Amino acid sequence: MSKYWSEFLNQLSPYVAGEQPQDRSYVKLNTNESPYPPSDAVLDAIRGRVSDRLRLYPDPEATTLRQGIADFYALKTENVFVGNGSDEVLGFAFQAFYKDKQAVAFPDITYSFYPVYCRLFDIDFQTFALTDTFEIDINTIPENPGGIIIANPNAPTGCYLDIKQIEALLQKHSNTVVLIDEAYIDFGGISCVPLIKTYPNLVVVQTLSKSRSLAGLRVGLALGDKQLIDGISRVKNSFNAYPLDTLAIAGATASFRDKVSFDRNREQIIAAREWTIKTLEPMGFHIVPSKANFIMIQHRTKLAKALYLELKEMGVLVRYFDAPRIDNYLRVSIGTLSEMQTLIKCLKKILG
Ligand SMILES: *Cc1c(COP(=O)(O)O)cnc(C)c1O
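Cut-off values and rules
- Residues numbered from 1 in each chain as written.
- Predicted model: local features only at pLDDT ≥ 70, side-chain atom pairs only at ≥ 80, totals over all residues.
- Heavy atoms only, no water.
- Helix = DSSP H or I, 4+ residues; strand = E, 2+ residues; numbered from the N terminus.
- Rg over C-alpha atoms; globule rule 2.2 N^0.38 Å.
- Buried < 20%, exposed > 50% of the residue type's maximum accessible area, 1.4 Å probe, protein only.
- Contact = heavy atoms within 4.5 Å.
- Lys, Arg positive; Asp, Glu negative; His and termini not counted.
- Charge placed at Lys NZ, Arg CZ, Asp CG, Glu CD.
- Domains from an automatic or database assignment.
- Buried area = accessible area lost by both parts, 1.4 Å probe.
- Salt bridge = Lys/Arg side-chain N within 4 Å of Asp/Glu carboxyl O.
- Polar contact = N/O pair within 3.5 Å; in protein donor to acceptor, adjacent residues only side chain to side chain.
- Near = heavy atom within 4 Å.
- Nonpolar A, V, L, I, M, F, W, Y, C, P; charged D, E, K, R; others polar.
- Core = buried A, V, L, I, M, F, W, Y, C linked by side-chain atoms within 4.5 Å.
- Axes fitted to C-alpha atoms, helices over the stretch in contact; angles between N-to-C directions.
- Parallel < 35°, antiparallel > 145°, perpendicular 65-115°, else oblique.
- Left-handed = near helix turned anticlockwise from the far one by under 90°.
- Pairing = 2+ DSSP bridges.

To continue, consider the overall build of the chain. Within the chain one finds 11 helices and 13 strands. In summary, the chain has a C-alpha radius of gyration of 20 Å against a globular reference of 20 Å for 352 residues, a match within 12%. Taken along its principal axes, the extent of the C-alpha atoms in the chain is 55 × 50 × 50 Å. Here the chain holds 352 residues, and the buried ones make up 54% of them. Here the analysis covers contacts within the chain between residues at least 6 apart in sequence; of these, 72% occur between residues at least 24 apart. Each charge class in the chain can be summarised by its mean position, and for the 38 positive and 39 negative side chains these summaries are 4 Å apart.

For the chain, the assigned domains are domain 1 (7–37 + 260–351) and domain 2 (40–258). Listed per partner, the contact involves 32 residues of domain 1 and 35 residues of domain 2. Note on domain 1 versus domain 2: buried area summed over both sides is about 2,700 Å², and carbon and sulfur give 62% of it. For the domain 1 face of the interface with domain 2, the top three residues by lost area are Tyr15, Lys291 and Arg325, together amounting to 28%. Counting the contacts that link domain 1 with domain 2 gives 1 salt bridge. In this structure, Arg325 and Asp108 form a salt bridge, with 2.9 Å as the shortest nitrogen-oxygen distance. Between the two partners, domain 1 and domain 2, sit 11 residue pairs in polar contact (both at pLDDT 80 or more). Listing elements by their share of the side of domain 1 that touches domain 2, those giving two or more residues are helix 9 (259–280) and strand 10 (294–299). A per-element tally of the side of domain 1 that touches domain 2 places helix 9 first, with 8 residues.

The next thing to look at is the site of the ligand. Taken together, Gly85, Ser86, Asp87, Tyr111, Asp181, Ala183, Tyr184, Thr207, Ser209, Lys210 and Arg218 form the complete shell of residues around the ligand. Separating an oxygen atom of the ligand from a side-chain N or O atom of Ser209 is a distance of 2.6 Å. Within the side chain of Lys210, an N or O atom sits 3.1 Å from an oxygen atom of the ligand. Split by residue class, the shell around the ligand holds 3 nonpolar, 4 polar and 4 charged.

This next bit is on the nonpolar core. Generally speaking, a soluble globular protein has its nonpolar side chains buried in company with each other. Counting residues in hydrophobic clusters, the biggest one holds 51 residues, and the most contacted among them are Leu65, Ile69, Phe134, Leu202 and Leu223. Counting residues per element, this core draws most heavily on helix 8 (residues 246–257), at 5 residues. Each of domain 1 (7–37 + 260–351) and domain 2 (40–258) accounts for three or more of the residues forming this core. Ignoring sequence-local partners within four residues, the contact set of Leu223 consists of Ile69, Tyr73, Leu75, Asn79, Val80, Val193, Ile196, Leu202, Val203, Val204 and Ile229. If you look at the next biggest cluster of nonpolar residues, it comprises 34 residues, including Val27, Ile269, Tyr308 and Val316.

For the rest of this paragraph, the subject is the packing of helix 4 (residues 86–98) against helix 5 (residues 113–120). With their axes 10 Å apart at the nearest point, helix 4 and helix 5 run at an angle of 45° to one another. Viewed along their axes, helix 4 and helix 5 adopt a mutual orientation that is oblique. Once helix 4 is placed against helix 5, the crossing between them reads as right-handed. Contacts from Asp87, Glu88, Leu90, Gly91 and Phe94 in helix 4 reach Phe113, Tyr114, Tyr117 and Cys118 in helix 5. The residue inventory of the contact of helix 4 with helix 5, partitioned by class, reads 6 nonpolar, 1 polar and 2 charged.

Moving on: the environment of Leu347. Mapped onto the fold, Leu347 is located in helix 11 (residues 337–351). Taking relative accessible area as the criterion, Leu347 reaches 1% and is therefore assigned buried. For the pair Leu347 and Glu310, spaced 37 residues apart in sequence, the C-alpha separation works out to 9.0 Å. Look past the residues within four positions of Leu347 in its chain and what remains in contact with it is Leu280, Met283, Phe285, Leu307 and Leu311.

With respect to topology, 4 strands assemble into an open sheet ordered 9-10-13-12, the strand pairing being antiparallel. With one partner strand each, in any of the chains shown, strand 9 (285–287) and strand 12 (319–320) form the two edges of the open sheet. Strands strand 9 and strand 10 of the sheet are contacted by helix 9, whose axis makes an angle of about 5° with strand 10. The strands touched by helix 11 within the sheet are strand 9, strand 10 and strand 13 (330–333), with strand 13 carrying the most contacts at an inclination of about 150°.

For the rest of this paragraph, the subject is the side chain of Asn293. Mapping Asn293 onto the fold places it in the loop between strand 9 and strand 10. At a separation of 3.0 Å, a polar atom in the side chain of Asn293 contacts the main-chain carbonyl oxygen of Asn32. Those residues in contact with Asn293, other than ones at most four positions away along the chain, are Asn32, Glu33, Tyr184, Phe187, Lys210, Ile269, Val332, Ser333 and Ile334.

Structure follows, in structure tokens:
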């Protein structure tokens with residue numbers, strides 16, 4: 001706080017990201033990053049752009065990247081928006097579609113950036129409760145919301161909503177923009193992107209930070225009907241005409257061409273997730289069903305917060321949320337199989 005701060009600034013409560021401690025090396029299972037490096041093709045493409053041409057501005061429309069993404073999803077370039085991480089893409093989309101509307105609706109437990117953006121952009125919001133098993137029941141979504149935002153799979157639960165349910169939602173709420181945040185869709189779910197051709201009220205947001213091992217490059221995207229994409233671009237061009245730098249455009253374009261390492265990495269993560277679940281269950285853990293690169297777990301007797309602290313002491317970082325309904329759960333990102341074996345070894349030591 002400072003006497004120079006505005007009343008508005010005093011009232012903001014910014015998003016709190018998972019720890020990125022620099023004091024020692026941890027087995028880092030707390031921010032859903034990929035344990036695998038970006039592919040050589042991506043690194044070569046970035047290196048190839050490290051030259052005196054960095055004195056020039058990048059292509060403000062990032063056309064080569066948007067074309068590559070359009071090809072990947074069998075869409076047109078006009079259906080693709082790219083931004084500086086999907087958090088930024090979400091920020092533009094919120095302003096484009098939800099400002100000065102009725103309250104937007106999202107689940108009571110979901111990505112905590114949504115309410116942060118609503119407060120920053122002065123957007124009204126309402127929440128609807130997940131079921132006791134942390135699932136979304138689309139019948140509990142309020143009538144006539146100003147918009148609907150769903151992370152699918154949801155975070156930090158990992159629960160997945162079937163594409164049929166999403167289609168029902170799009171039909172029922174055809175007058176508002178339904179935003180599906182697919183940050184974790186590549187870990188076993190089926191993307192709802194093909195529905196874009198039928199439903200002009202659907203916008204799908206994705207990121208290269210998780211399944212494409214590029215959290216440090218900051219690239220996110222939105223897919224939707226041309227009119228929605230034009231709307232997001234209008235906000236972008238009112239804020240920063242060049243959100244993606246030359247290196248990010250080159251690396252991201254190469255990533256969408258390299259299907260082999262993309263598929264190999266996500267398959268390895270899915271396999272490590274299933275191994276971890278099978279190993280944790282007989283140790284007294286309840287695991288919420290997950291189609292993400294993380295699992296939400298709860299032990300029969302040992303409190304989550306104590307587990308979190310003891311694991312940290314032993315050099316294993318997981319995420320603990322001091323939030324209603326989930327404050328006795330841990331969210332554990334899926335790393336390599338060997339990292340998951342280390343986690344299990346530490347948990348066995350703690351639990352005796
Ligand atoms: C990680 C995450 C994002 C943000 O990803 P960036 O592209 O790194 O900004 C968006 N939505 C959800 C649900 C996430 O978990």
